[in-house]
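# Inside the fold
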Amino acid sequence: MQNAIQPLSDTLISKSLSAADYVPTLDAMLARTLTRIELKKTKQQRTPDELWIVDHNDVYTLGQAGKEEHILQRTDTPIIKTDRGGQVTWHGHGQLVLYWLFDLESLGWSVRNLVSHAEQAIEDVINDCLQNHTAGDTRIRAQARRDAPGVYLYADTSAEYDDSPADKGIVSTDIHPSSIMLGKMASLGFKIKHGFSYHGIAINLTCDLSAFNAINPCGYAGMQMLRLADFINMASSPKTQSAGQAREPLSYESVTQKLIDNIAQRHAGQIALRALAPKPSR
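This write-up is about the structure you can find in this document. (Residues numbered from 1 in each chain as written. Predicted model: local features only at pLDDT ≥ 70, side-chain atom pairs only at ≥ 80, totals over all residues. Heavy atoms only, no water.)

## Some points on helix α1 (residues 22-43)
Since one α-helical turn is 3.6 residues long, residues separated by three or four positions face the same way. Our working rule: Where helices and strands are cited, they refer to DSSP runs of H or I of at least four residues and of E of at least two residues respectively, numbered from the N terminus. Here, expected helix span is obtained from the residue count minus one, scaled by 1.5 Å. Under the scheme applied here, a residue whose accessible area is under 20% of the maximum for its type counts as buried, over 50% as exposed, and between as partly exposed, the area being computed with a 1.4 Å probe on protein chains only. As used here, the arc belongs to the directions running from the helix axis to the C-beta atoms.
Helix length check: α1 (22 residues) gives 31 Å between terminal C-alpha atoms against 32 Å at 1.5 Å per residue, within 8%. Listed as buried for α1 are Tyr22, Thr25, Leu26, Met29, Thr33, Arg36 and Ile37. One side of α1 holds all its buried residues, which, seen down the axis, span an arc of 105 degrees. Phi for Gln44, located one or two positions after α1, is positive at around 50 degrees.

## What about the pattern of salt bridges?
Side-chain pairs of opposite charge can arise whenever the charged atoms involved come near each other. Keep this limit in mind: Take a side-chain nitrogen of Lys or Arg and a carboxyl oxygen of Asp or Glu: if they are within 4 Å of each other, that pair is a salt bridge.
On inspection of all chains with the given rule, the structure shows 13 salt bridges. Where Arg274 meets Glu123, a salt bridge forms, and the shortest distance between an N and an O atom there is 2.7 Å. Residue Arg274 is located in the segment after α4 (252-267), and its partner Glu123 is located in helix α3 (residues 111-130); the two are separated by 151 residues in the primary sequence. Neither Arg274 nor Glu123 differs from the other in exposure class; each is buried. Here Arg227 makes a salt bridge to Asp230, at a shortest N to O gap of 3.1 Å. Look at Asp230 and you get partly exposed, because its relative accessible area is 49%.

## Looking at the nonpolar core
Filter applied, for reference: Here, nonpolar core means buried Ala, Val, Leu, Ile, Met, Phe, Trp, Tyr and Cys residues that are tied together by side-chain atoms lying within 4.5 Å of each other.
With 42 residues, the main nonpolar core has Trp100, Ile201, Ile203 and Leu228 as its most contacted residues. The leading source of residues in this core is α3, at 9 residues. One finds Trp90, Leu209, Ala214 and Ile215 within the second-largest nonpolar core, a separate group that totals 16 residues.

## With respect to the side chain of Thr61
Inclusion rule: Counting of polar contacts relies on pairs of N or O atoms within 3.5 Å, with two restrictions inside protein: one atom must be capable of donating a hydrogen and the other of accepting it, and residues adjacent in sequence are counted only when both atoms are side-chain atoms. It only takes one pair of heavy atoms within 4.5 Å for two residues to be counted as in contact.
Along the chain, the position of Thr61 falls in strand β4 (residues 59-62). Here Arg84 takes part through its side chain, which lies 2.8 Å from a polar atom of the side chain of Thr61. Among all residues touching Thr61, those that are not within four sequence positions of it are Tyr22, Ile80, Thr82, Arg84, Gln87, Val88, Thr89 and His91.

Set out below in C-alpha cells:
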C-alpha cells in the first residue's frame with residue numbers, strides 16, 4: 001500500500017492509497033478524525049482537511065444500518081460491517097474511492113451541503129467526460145436524485161433535447177420526462193463525528209461490475225450498476241493524451257485528477273452549490 005501525500009491548498013491535502021485493504025484504511029481514517037477532533041477541542045487548532053484517493057482490494061461493506069438480506073450470495077470476497085451510512089456496496093480495483101475527511105464547521109457546510117457538493121462534483125466530471133457522447137438523438141448525462149443518494153446516468157431521447165446548461169448537468173434540475181434512467185454510476189456514504197466527516201464516494205470507472213451481482217447495490221433490488229468505460233473511450237494510461245486533443249481517450253488517472261480538482265475548488269469556495277432538483281411527487 002503506497003501512501004503519497006500532496007498539498008492541494010493551505011487547508012486541504014490529498015493522500016493516495018493503492019491496493020488498500022479496507023479495515024486498516026477505515027482504522028486509519030477514524031484515528032485521524034479522532035485526533036483532529038481532539039486538537040480542535042483542546043487546542044482550538046484547525047488541521048488541514050484531507051481527501052483520500054483509494055484503490056481498494058476487493059471488499060463488500062455493509063453500512064451501519066445495513067441489512068444482511070441485501071447480500072444475495074456469499075463469495076470469497078470479505079464482507080465487512082462499517083460505520084458509514086447506507087446499505088451494502090462493493091469496492092475494488094478500477095473503482096475510484098474518495099474519502100472526505102473534512103471539518104464541516106470550519107467550512108461552514110451542513111451535512112446536506114457535503115452530500116450535495118459530492119454529488120455535484122461527480123455530475124460535473126462525468127458530464128464533462130460524456131459531453132461528446134452522441135448516439136443519434138440520444139444524449140447521456142449524469143444526475144443525482146433527491147429520493148436515492150448517488151449519481152445516475154440518464155438517456156435523453158427527446159427530439160427537443162438541446163445543449164442547454166441544464167441538459168448538460170451544469171444546473172441540477174428535475175429529470176426530463178423523456179429521460180430513461182440507465183443505472184447508477186456512483187455511490188455515497190458518509191459518517192459525521194463531532195462535525196467532522198469521513199468515508200465518502202465511490203465511482204465505477206473501469207472496474208468489473210460482476211461483483212455487484214452478489215448484492216442489492218445500496219439496498220436496491222435490481223439496480224443496474226454502470227461504469228464510465230462503457231460510455232466513453234478510456235485509455236489504460238494517461239500518456240495517450242495530448243494538450244488540445246479533447247477527443248483523445250481519457251484514463252482512470254485523468255478522470256481522477258478532474259475530480260480532485262473539482263473537489264479542491266469546492267473546498268476553497270470557488271464552486272458554489274447549484275439549486276437542488278425538487279423531490280419527486282408521490
